[in-house]
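# Close look at the chain arrangement
So you can see what is in the structure, the chains are spelled out below.
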Amino acid sequence: MYKRIRVLARIVVGALSIFLLLGCALPLPTPDTSSPPTVTAAADDQTSGAEDVTVNVAAMARLGETTQIEIERFVETPSAGYESVAVIDDVAVISAIVDTLDAALALQPRAMCVETYHLRFVLESGATHTFGYLCEGSTESVLRGDVPFLAESDVRPPDQLLQIIEQQVRAE
């Protein structure tokens, strides 16, 4: 039995060695240049030459195709979670929300907080995008989402978004 284990261990070590050697010898994959970049960098001449990376959330997530927005609020209950507080079907209100996100918004490091709201955008295709919005217990306005370009970052949305969201929550 001991000899079988030693033989098996040698086979595994040999296979791993070959895998590592081949992995180091293979060329690195070339980046895909067929699609245009979706993130822009804008240099600010008045600062120390630092660049701000910006994204247009509405354009990149196709939010112009939104047919409904559900707003959920974080609640502190024994099972802490999000409860639906408003559903927006009004085209004018949806357009106002999408228009606030149709701008070059600067990416920033992910804030360590629980989002006060979840905004679920339902698109014409049936696809949905969920964004966390506004840090709980803070006045810090952040937006983060389930879209790849916001995977590890936040953006600071315009103040008009908070005004529209609070108005819709009060109306329900």
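Coordinates for the structure precede this section.
In this report, the structure presented in the accompanying data block is examined.

So, how was this worked out
Residues numbered from 1 in each chain as written. Predicted model: local features only at pLDDT ≥ 70, side-chain atom pairs only at ≥ 80, totals over all residues. Heavy atoms only, no water. Helix = DSSP H or I, 4+ residues; strand = E, 2+ residues; numbered from the N terminus. Contact = heavy atoms within 4.5 Å. Polar contact = N/O pair within 3.5 Å; in protein donor to acceptor, adjacent residues only side chain to side chain. Salt bridge = Lys/Arg side-chain N within 4 Å of Asp/Glu carboxyl O. Buried < 20%, exposed > 50% of the residue type's maximum accessible area, 1.4 Å probe, protein only. Core = buried A, V, L, I, M, F, W, Y, C linked by side-chain atoms within 4.5 Å.

Within the element layout of this structure, Gln 68 appears in strand β3 (residues 66–75). On a C-alpha basis, the gap between Gln 68 and Asp 89 in space is 5.0 Å, while along the polypeptide they are 21 residues apart. Those residues within four positions of Gln 68 in sequence are excluded, and the remaining contacts are Val 87, Ile 88, Asp 89, Ile 94, Arg 120, Phe 121 and Val 122. Side-chain polar atoms of Gln 68 contact the side chain of Asp 89, separated by 2.9 Å.

To continue, consider the pattern of salt bridges. Applying the stated criterion to the full structure yields 6 salt bridges. In this structure, Arg 62 and Glu 65 form a salt bridge, with 3.4 Å as the shortest nitrogen-oxygen distance. When its relative accessible area of 27% is taken as the criterion, Glu 65 is described as partly exposed. Glu 70 is the salt-bridge partner of Arg 120, the closest N and O atoms lying 3.4 Å from each other. Pair noted here: Arg 120 is in strand β6 (residues 115–123) and Glu 70 is in strand β3, with a separation of 50 residues, a long-range link. Take Arg 120: its relative accessible area is 24%, and that puts it in the partly exposed class. Residue classification places Glu 70 among the partly exposed residues on the basis of a relative accessible area of 21%.

Side chains that are nonpolar tend, in soluble globular proteins, to be buried together. Counting 31 residues, the largest nonpolar core has Val 57 and Leu 63 as the members making the most contacts within it. At the level of secondary structure, the elements contributing two or more residues to this core comprise α2 (57–60), β3, β4 (81–88), α3 (91–101), β6, β7 (128–135) and α4 (159–171). Take this core: its biggest share by element is 5 residues, from α3. Apart from the residues lying within four places of it in its own chain, the contact partners of Leu 63 are Val 57, Ala 58, Val 98, Leu 101, Phe 121, Leu 123, His 129 and Phe 131.

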